[in-house]
Amino acid sequence: MEFVVKSSAVEKQKTACLVVGVYKKTLPASAAAIDSLTEGQLSTVLRQGDLEFKPGHSLMLHSGNPWERLLLLAMGDNDTPMSEAEFKKLANDLAGKLKSVNAREATIAVEDITVADRSPEWITRHLVEAVEYAFYQFSQFKNDAAEGAKGIKKITLLADRKNADAVKAGMTLGQAIGIGRNIARTLGNLPGNICHPTYLAEEAKSLARQHTKLATKVLNEKQMAELGMSSLLSVSAGSGQEARLICMEFKNGKRGAKPLVLLGKGITFDTGGISIKPSANMDEMKFDMCGAASVFGVMNAIIQLDLPVNVIGMVAAAENMPSGRASRPGDIVTSMSGKTIEILNTDAEGRLVLCDALTYAERYKPEAVIDIATLTGACVVALGHHTTGLLSNNDDLATELLNAANDAMDRAWQLPMGDEYTRQLDSNFADMANIGGPTAGTITAACFLAKFAEAYPWAHLDIAGTAWVSGKEKGATGRPVPMLVQFLLNRNK
Ligand code: BES
Ligand code: MN
Ligand code: ZN
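Residues numbered from 1 in each chain as written. Chains lettered and ligands numbered in written order. Predicted model: local features only at pLDDT ≥ 70, side-chain atom pairs only at ≥ 80, totals over all residues. Heavy atoms only, no water.

**Student:** Any details on the coordination of the manganese ion (ligand 2)? Residues and values, ideally.
**Tutor:** For the manganese ion (ligand 2), the full set of protein donor atoms is Asp-270 (OD), Asp-347 (O), Asp-347 (OD) and Glu-349 (OE), and the range of their distances to it is 2.0 to 2.2 Å. Around the manganese ion (ligand 2), the six donor atoms are arranged such that angles at the metal cover 70 to 167 degrees; this shape is classified as irregular. Mapped onto the sequence, the residues coordinating the manganese ion (ligand 2) show the spacing D-x76-D-x1-E. Separating the manganese ion (ligand 2) and the zinc ion (ligand 3) is a distance of 3.2 Å, and Asp-270 donates to both of them. Of this pair, Asp-270 sits in strand 9 (residues 260–270) while Glu-349 sits in the loop between strand 12 (340–343) and helix 10 (350–361), and the two are 79 residues apart along the sequence. The class for Asp-270 is buried, based on a relative accessible area of 2%. Here Glu-349 falls in the buried class, since its relative accessible area comes to 1%. (Donors = N, O, S within 2.8 Å, 3.2 Å for Na, K, Ca; no water. Tetrahedral: all angles 85-135°; square planar, octahedral: opposite > 155°, others 65-115°. Helix = DSSP H or I, 4+ residues; strand = E, 2+ residues; numbered from the N terminus. Buried < 20%, exposed > 50% of the residue type's maximum accessible area, 1.4 Å probe, protein only.)

This is how it looks when you write it as structure tokens:
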């Protein structure tokens, strides 16, 4: 989508679709200007009562002059700023409505949309993000897709001259986050036969070829074996696809400043291995690389924004398959750290690839490491599909992430850790087992990872419930790209 910011009178807009906010009891400036130009027609329409004034509702009027359509956005009863939850509904509803408009462009009077304690920049950014999200299509495998033929291609954001810079800043940010998020969605949506570890490695290399500030290094299985990454390699052992450890190095901050490492779980397909999963909905395990996809999305966004930060985007990519060469339950492997692991369940493979990558991350002397993983079904039970699980060995880092999640409207919730939980991983035969029993599965998975993340502040985002949606709208969500970009922005303030 193309966005432009313009400062001129709302009632003079020659546009196919003019979007203005309205309250039940009063008309904000833009709506009032239109009402007086139309000699009260707008008030008359509102009095007819077809528009419910709860945010998320809207009413399209299919005539006007000089505009062709007028879309009235409900913002509540009284002339008071909306809550963030109300605004989120409004933004998503608006984006959905715009999708059904058969015209090339639209104009939104952003000025009158207000949210308690949030700036015009923040509001614009989220409107733009909502539009980028709604207009996304994944149709590359559909022969009859009429991609891009119809619909809105350009949106003009109307703002007062005094707010134009803030609205422009919000637009730039919203586009970078929205596009980064859509890149993550596309990688997630790609099927396992196409998006395998080598495919992800090629994507990372091609990103580095396009941007001089990015350098990509890729370790193959032979190189990982030399480093002693037997835990990671035990996961790809049963697959015809070789594993890859991908490092995208973005050095755009102070020279010598410690980097932040983002590490994504990149299981390009998770059958469970010998501890095989039931077949129902197993197709959704192509999404088991959505953590990796979010790292790609964030790298794209920070390149776009030219953020002055040092960030290493790491991806531990492997495919988890059963075969005569696959790991068996009971196998014991020695991780790169030297710690031994009894693999009691080959379906708890995410932690097995991540632990070696966490050890490898020490080489970057990171300021902090954040891993992003579709790690446990237990997280879906605990938090559902709305909230990402957050676990950390450092409360300051956890708080920073929770604040970022809040600003980005990309929710997260912290879960506890501790020795009592870590003891659930005790093994009779090795330093630890790779599963912690039937209770607190999200926490014991994090406790496993924490054993490999002792050298730096570390946080873990379990996105098993938030990375994709099932059902009719099945597809990757691109979460938590907004949270992570926001985290980097907040750190950089
Ligand atoms: N990728 C799955 C987790 C998952 C399951 C994410 C369902 C989203 C939906 C992970 O590799 C896995 O299989 N975890 C096991 C761990 C268990 C064996 C301890 C799980 O959650 O069942
Ligand atoms: Mn698994
Ligand atoms: Zn998995």
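**Student:** Lay out the site of ligand 1 in plain terms, naming residues and giving numbers.
**Tutor:** Taken together, 16 residues surround ligand 1, and among them Lys-277, Asp-288, Asp-347, Glu-349 and Gly-377 come closest. Interatomic distance of 2.8 Å between a side-chain N/O atom of Asp-347 and an oxygen atom of ligand 1. Separating an oxygen atom of ligand 1 from a side-chain N or O atom of Glu-349 is a distance of 2.8 Å. Protein chains bury 77% of the 520 Å² of accessible surface belonging to ligand 1 in isolation. Assessed atom by atom at 2 Å from the grid points, ligand 1 resides in the second largest pocket. (Near = heavy atom within 4 Å. Polar contact = N/O pair within 3.5 Å; in protein donor to acceptor, adjacent residues only side chain to side chain. Areas by Shrake-Rupley, 256 points an atom, 1.4 Å probe, with all protein chains shown as cover. 1 Å grid on protein atoms, 1.4 Å probe; cavity = no way out; pocket = protein on both sides within 12 Å on 5 of 7 lines; lining within 4 Å. Sits in = over half its atoms within 2 Å of the grid points.)

**Student:** Talk me through helix 9 (residues 290–305); I want residue IDs and the actual numbers.
**Tutor:** Because an α-helix packs 3.6 residues into every turn, residues spaced three or four apart end up facing the same way. The terminal C-alpha atoms of helix 9 lie 22 Å apart, and with 16 residues this matches the ideal 22 Å at 1.5 Å per residue to within 8%. Of all 16 residues that make up helix 9, 15 are buried, and the element is covered over most of its length. Just beyond helix 9, the residue with positive phi is Asp-306, at close to 55 degrees. (Expected span 1.5 Å × (residues − 1).)

**Student:** Go over the sheet that holds strand 11 (residues 331–334) with me, naming the residues and quoting the values.
**Tutor:** Here we have three strands laid out as an open sheet, ordered 11-12-16, and mixed in their pairing. On the outer flanks of this sheet lie strand 11 and strand 16 (432–433), each paired with one strand and no other. As defined by bridge partners, strand 12 adjoins strand 16 across two bridges and the pair is classed as parallel. The residue of strand 16 that forms the bridge with Ile-341 is Met-432. (Pairing = 2+ DSSP bridges.)

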